[in-house]
Amino acid sequence: MSMRVVTEAGQLALHYDLVVVGAGPAGLSAATEAAAAGASVLVADENLAPGGQIYRGITRNTPERQDFFGKDYWKGRAITDAFAASSVDYAAATTVWSLDAATSPLSSSPRRGEGGPKGRMRGPSGQVLPCDAPSPPCRDLLPAGEKGQAAPSHSICDSPASGEKTGVATLGLTLAGAARMVSARAVILATGAMERPMAVPGWTLPGVMSAGAAQIALKSVSGIPAGRIVLAGCGPLLYLLADQLLRAGADIAALLDTADSKQRMAALRHLPDFLLSPYVAKGLSLLLGVRRRARVISGVTELAIAGSNHAEGVRFRAGGRQDAIAADCVLLHQGIIPGINLASAAGCTIEWNDTQRAFQPWTDSHGRTSLAGVLSAGDGAGIGGAEHAAVCGRIAALAALADIGLLSSSQSAGRLAGLEKKRQTYRRGRTFLDTLYRPARQFLAPPDPDTMVCRCEEVRAGTLRQVIALGVPGPNQLKTFVRCGMGPCQGRMCASTVTEIMAEERGVSPAEIGTYRLRAPVKPLRLAELGALPQTPAAVFAVTGRTPEQHSLEEEGKNR
Amino acid sequence: MLLRIREPAEPVTFSFNGRSVTAARGDTLAVALLAAGVDTVRESVVGGEPRAPYCLMGVCFECLVTVDGIQNRQSCLVEVRQGMVVTSQSGARLVCGGQNR
Ligand SMILES: Cc1cc2nc3c(=O)[nH]c(=O)nc-3n(C[C@H](O)[C@@H](O)[C@H](O)COP(=O)(O)OP(=O)(O)OC[C@H]3O[C@@H](n4cnc5c(N)ncnc54)[C@H](O)[C@@H]3O)c2cc1C
Ligand code: FES
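Everything numeric in this text was worked out from a predicted model, so none of it was measured. (Residues numbered from 1 in each chain as written. Chains lettered and ligands numbered in written order. Predicted model: local features only at pLDDT ≥ 70, side-chain atom pairs only at ≥ 80, totals over all residues. Heavy atoms only, no water.)

### Quick notes on the environment of Met-493 of chain A
And then number 1: Inspection of the secondary structure puts Met-493 of chain A in the loop between helix H15 (475–482) and helix H16 (495–506).
And then number 2: Each C-alpha atom of the pair Met-493 of chain A and Glu-312 of chain A lies 23 Å from the other, and the pair is 181 residues apart in sequence. (Helix = DSSP H or I, 4+ residues; strand = E, 2+ residues; numbered from the N terminus.)

### Here we look at the UniProt feature "domain: SoxA A3" (unreviewed entry) in chain A
And then number 1: Feature annotation in UniProt assigns "domain: SoxA A3" (unreviewed entry) to the following positions: residues 457–532 of chain A.
And then number 2: Taken as a whole, residues 457–532 of chain A contains 50% helix and 3% strand, while its terminal C-alpha atoms sit 30 Å from one another. (UniProt positions renumbered as here; feature names shortened; annotations may be inferred.)

### Observations regarding the site of ligand 1
And then number 1: Around ligand 1, 32 residues are found, and the nearest of them are Ala-26, Asp-45, Gln-53, Gln-215 and Asp-379 of chain A.
And then number 2: Site remark: ligand 1 is flanked by residues from chains A and B.
And then number 3: Pro-25 of chain A is positioned with one of its backbone polar atoms (N or O) 3.2 Å from an oxygen atom of ligand 1.
And then number 4: At 3.3 Å, a side-chain N or O of Lys-219 of chain A approaches an oxygen atom of ligand 1.
And then number 5: Protein contacts shield 92% of the accessible area of ligand 1, which totals 980 Å² for the unbound molecule.
And then number 6: For the shell around ligand 1, the secondary-structure elements that each account for two or more residues are helix H1 (25–36), strand E5 (94–100), helix H4 (211–221), helix H5 (236–247) and helix H10 (386–403) of chain A.
And then number 7: Looking at the shell around ligand 1 residue by residue, the class counts come to 15 nonpolar, 13 polar and four charged.
And then number 8: Two domains each put at least three residues into the shell around ligand 1: domain 1 (4–142 + 149–194 + 338–407) and domain 2 (197–333) of chain A. (Near = heavy atom within 4 Å. Polar contact = N/O pair within 3.5 Å; in protein donor to acceptor, adjacent residues only side chain to side chain. Areas by Shrake-Rupley, 256 points an atom, 1.4 Å probe, with all protein chains shown as cover. Nonpolar A, V, L, I, M, F, W, Y, C, P; charged D, E, K, R; others polar. Domains from an automatic or database assignment.)

### A look at the confidence of the model for chain A
Low pLDDT marks regions whose predicted coordinates should not be analysed in detail.
And then number 1: Of the residues in chain A, 88% have a pLDDT of 70 or more, and the chain-wide mean is 88.
And then number 2: Low pLDDT, under 50, characterises residues 104–165 of chain A; the predicted model gives this stretch 151 contacts beyond four residues in sequence or across chains. (pLDDT = per-residue confidence, 0-100. Contact = heavy atoms within 4.5 Å.)

### Structural notes on the packing of H5 of chain A against helix H8 (residues 279–293) of chain A
The relative placement of two packed helices is expressed as an angle between their axes plus a distance between the axes.
Residues and elements named next belong to chain A.
And then number 1: As a packed pair, H5 and H8 sit with axes 9 Å apart at the nearest point and diverge in direction by 55°. In terms of their interaxial angle, H5 and H8 are classed as oblique. Seen along the crossing, H5 lies across H8 with a hand that is left-handed. In this structure, H5 uses Pro-236, Tyr-239, Leu-240, Ala-242, Asp-243, Leu-246 and Arg-247 to contact H8, whose residues at the interface are Lys-282, Leu-286, Leu-287, Val-290, Arg-291 and Arg-293.
And then number 2: Class assignment of the residues belonging to the contact of H5 with H8 gives a composition of eight nonpolar, no polar and five charged. (Axes fitted to C-alpha atoms, helices over the stretch in contact; angles between N-to-C directions. Parallel < 35°, antiparallel > 145°, perpendicular 65-115°, else oblique. Left-handed = near helix turned anticlockwise from the far one by under 90°.)

### Side note on the pairing of strand E2 (residues 15–21) of chain A
All names here are of chain A.
And then number 1: The element E2 is extensively covered by neighbouring structure, given that six of its seven residues are classed as buried.
And then number 2: Of the strand pairs in this sheet, E2 and strand E7 (residues 178–189) are connected by six bridges, and their pairing is parallel. Counted as the bridge partner of Tyr-16 is Ala-184 from E7.
And then number 3: Here E2 runs beside strand E3 (residues 41–44); their pairing, made up of four bridges, is parallel. Residue Leu-18 lies in a different strand from E3, and its bridge partner there is Val-41.
And then number 4: Crossover connection from E2 via H1 to parallel E3: handedness right-handed. (Buried < 20%, exposed > 50% of the residue type's maximum accessible area, 1.4 Å probe, protein only. Pairing = 2+ DSSP bridges. Right-handed = clockwise from strand over helix to strand, strands pointing away.)

### Observations concerning empty space enclosed by the protein
Residue and element names in this part refer to chain A.
And then number 1: Scanning all chains against the criterion turns up seven cavities of 30 Å³ or more.
And then number 2: By volume, the second largest cavity is sized at about 260 Å³.
And then number 3: Considering each element in turn, the lining of the second largest cavity owes the most residues, four residues, to H16.
And then number 4: Of the residues contributing to the lining of the second largest cavity, the split by class is eleven nonpolar, seven polar and four charged.
And then number 5: Two domains each donate at least three residues to the lining of the second largest cavity, and these are domain 1 (4–142 + 149–194 + 338–407) and domain 3 (445–513). (1 Å grid on protein atoms, 1.4 Å probe; cavity = no way out; pocket = protein on both sides within 12 Å on 5 of 7 lines; lining within 4 Å. Points joined across faces, edges and corners; volume = space filled by probe spheres on them.)

### Concerning the domain arrangement of chain A
Residue and element names in this part refer to chain A.
And then number 1: When cut into domains, chain A gives domain 1 (4–142 + 149–194 + 338–407), domain 2 (197–333), domain 3 (445–513) and domain 4 (527–559).
And then number 2: The partner domain 4 presents four residues to the six residues of domain 1 that form the contact.
And then number 3: Here domain 1 meets domain 4 over a buried area of about 400 Å², counting both sides, of which 70% is carbon and sulfur.
And then number 4: Put simply, domain 1 and domain 4 have zero salt bridges between them.
And then number 5: Summed over the shared surface of domain 1 and domain 4, the result is one residue pair in polar contact (both at pLDDT 80 or more).
And then number 6: Tallying contributions element by element places E7 first for the side of domain 1 that touches domain 4, with three residues.
And then number 7: In terms of residue class, the side of domain 1 that touches domain 4 is made up of three nonpolar, two polar and one charged. (Buried area = accessible area lost by both parts, 1.4 Å probe. Salt bridge = Lys/Arg side-chain N within 4 Å of Asp/Glu carboxyl O.)

### Things to note about the UniProt feature "domain: FAD/NAD(P)-binding" (unreviewed entry) in chain A
And then number 1: In the numbering used here, UniProt assigns the feature "domain: FAD/NAD(P)-binding" (unreviewed entry) to residues 177–389 of chain A.
And then number 2: End C-alpha to end C-alpha, residues 177–389 of chain A measures 30 Å, and it is 28% helix and 35% strand.

### Thoughts on the interface of chain B and chain A
And then number 1: Chain B puts 39 residues into the contact, and the matching count from chain A is 46 residues.
And then number 2: Taken together, the two surfaces of chain B and chain A that pack against each other cover about 3,500 Å², and 59% of this comes from carbon and sulfur.
And then number 3: When residues of chain B are sorted by the area they lose upon contact with chain A, Arg-6, Tyr-54 and Met-57 of chain B head the list and together hold 22% of the total.
And then number 4: Summed over the shared surface of chain B and chain A, the number is four salt bridges.
And then number 5: Of the charged contacts, one joins Arg-60 of chain A and Asp-27 of chain B as a salt bridge, the two residues approaching to 2.8 Å between their closest N and O atoms.
And then number 6: Scanning the region where chain B abuts chain A turns up 17 residue pairs in polar contact (both at pLDDT 80 or more).
And then number 7: For the side of chain B that touches chain A, the secondary-structure elements that each account for two or more residues are strand E1 (2–4), helix H1 (29–35), strand E5 (50–51) and strand E7 (70–74) of chain B.
And then number 8: With three residues, E1 of chain B is the largest single contributor of residues to the side of chain B that touches chain A.
And then number 9: Of the residues belonging to the side of chain B that touches chain A, the class tally is 22 nonpolar, seven polar and ten charged.

### Remarks on helix H14 (residues 461–469) of chain A
And then number 1: Buried within H14 of chain A we find Ala-461, Gly-462, Leu-464, Arg-465, Val-467 and Ile-468 of chain A.
And then number 2: Of the residues one or two after H14 of chain A, Gly-471 of chain A is the one with positive phi, at around 100°.

Here it is as structure tokens:
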């Protein structure tokens, strides 16, 4: 058997055992694992081809023609090849805009309110609450390496394969301009990460992109930014991109490193673990290699992009003095954070991960979220990198199959144990990296009042601070007051900054502030698509008061 | 703006604001526009400021354009097709489909 490519909504089955959202390493590995065990699987992904972020373009590129990526990139081939050889339905260029988890699990009592996470926890003002002691969200206080092990009392999911544990979830998808609802006994959210927005003055100008965007251009069309490039920000991916751009022949005027030197001390105690990790050799050679071939300026603060209709350069402070560099393209990056929109809109409990300074869906050690039948794997569940994502995808698939009764625990136990051991290896060193590269405060919560925070509705930091000072209870109310987060990106580009600014103004942890309450559709959906959805008999009855049969009898009567 | 450092295979031609643009099969529209030297793809809804694709991965919505009469398409997620008619957007969208202000 091999994969079936679905190009039109009409080719989708109405029901699958498992729907996987996302075709990055996590989603592809989950789907391959589940299909091998005989499950009917749909993988829906927004991109035109499989691979997700790290392996973007992998089915189109070759090591001979695209020799600038480095060997980690080509590891993706094995994953996409195995996926292509498995019996799955693959819907590319497909957006999943809603997920309704099963409200009534078939054979067990619902997980909500059963000692596990209680649906989604909200404070009096509607914000997400980070902690509901002693239940699982408090795990986020543990170091990342221990996450998932202090599992809470899951009354129904810790004894897999004793029958069906899930009901039927419904997903809303759009492909090729048409929407469809598809049902599934289990859903794995493998929606990956996004770059943490880095709001600095001038970041909305053409000529400014995220560093990830430049990498996407390189992976998808072998494109490099024209002219002089300045990279600014922090984190390993910034250096990885600089290395790839240099190999591809780009003109890097400077790399401005905004890493906070204060974090070095904090990271030091996690150094021994990092030294044992697979990242050491690679990380060091990257850092040194880039420093050798490009001008790297450390300790950069007060970064601003100059230009009126296009980026013309950067101004910044380093080593105690102001400086400026001319540039045609500025690439910003300060790490990545989980993309939580779909999980959050579905109602998964969202928790604060203080080490990674980001919100993520709460999951147990196998990826189950707080909603029955909904699992989350890969960077969308907490940042762990590509190989970690692939292993977590497989673990989540085994857990999902056990929950829907397609695998018994004895069948999966050996395999699970092996995968969990591998996962432990890939988790090594993360806490060190997360701590070392935690962005400096001024890049999390922009101090300059003119800095645009919400790019869609064009709301600036100063406005936000003024309104917060009036005593707005949380991000959701702030949104209603000033429309911040109400544009088409639905808060993706401002949520983290809004939380950080509010936390700073109040002098509390972001965990106490929470983040936007999100709702489906998580991506704008055309009314025409919604209107053209096949109608269920129940929906027809709810709206018209008559069943479809009654309607057709009436039609027949009229035509007679 | 982007430079292609490898020749595109299988050319595809479409139009942007009336101008003919050549890209390659499998390119996303946003990347194709940047590689064709297009700098600004729209003017922002509130302040009328120039904007260009920022994330290229479907997150930021800066790349919105009108494609074959359908407004607000994320050009970084749309594949280029032969003969596609693409126009930039200025300001807020109108309810009547496909009509730019
Ligand atoms: C821009 C960017 C570049 C990166 N580059 C590298 C790199 O070069 N090297 C590295 O080690 N790590 C990189 N990373 C880190 C990255 O997160 C990897 O660790 C890895 O890709 C994670 O795999 P994943 O399967 O969890 O998610 P991803 O690979 O991110 O895949 C998630 C997929 O889900 C899709 N998706 C999300 N939401 C929806 C939805 N609602 N409907 C349909 N589809 C959806 C996305 O389009 C995407 O294809 C990068 C991250 C980003 C954001
Ligand atoms: S460039 Fe960000 S959504 Fe298209």
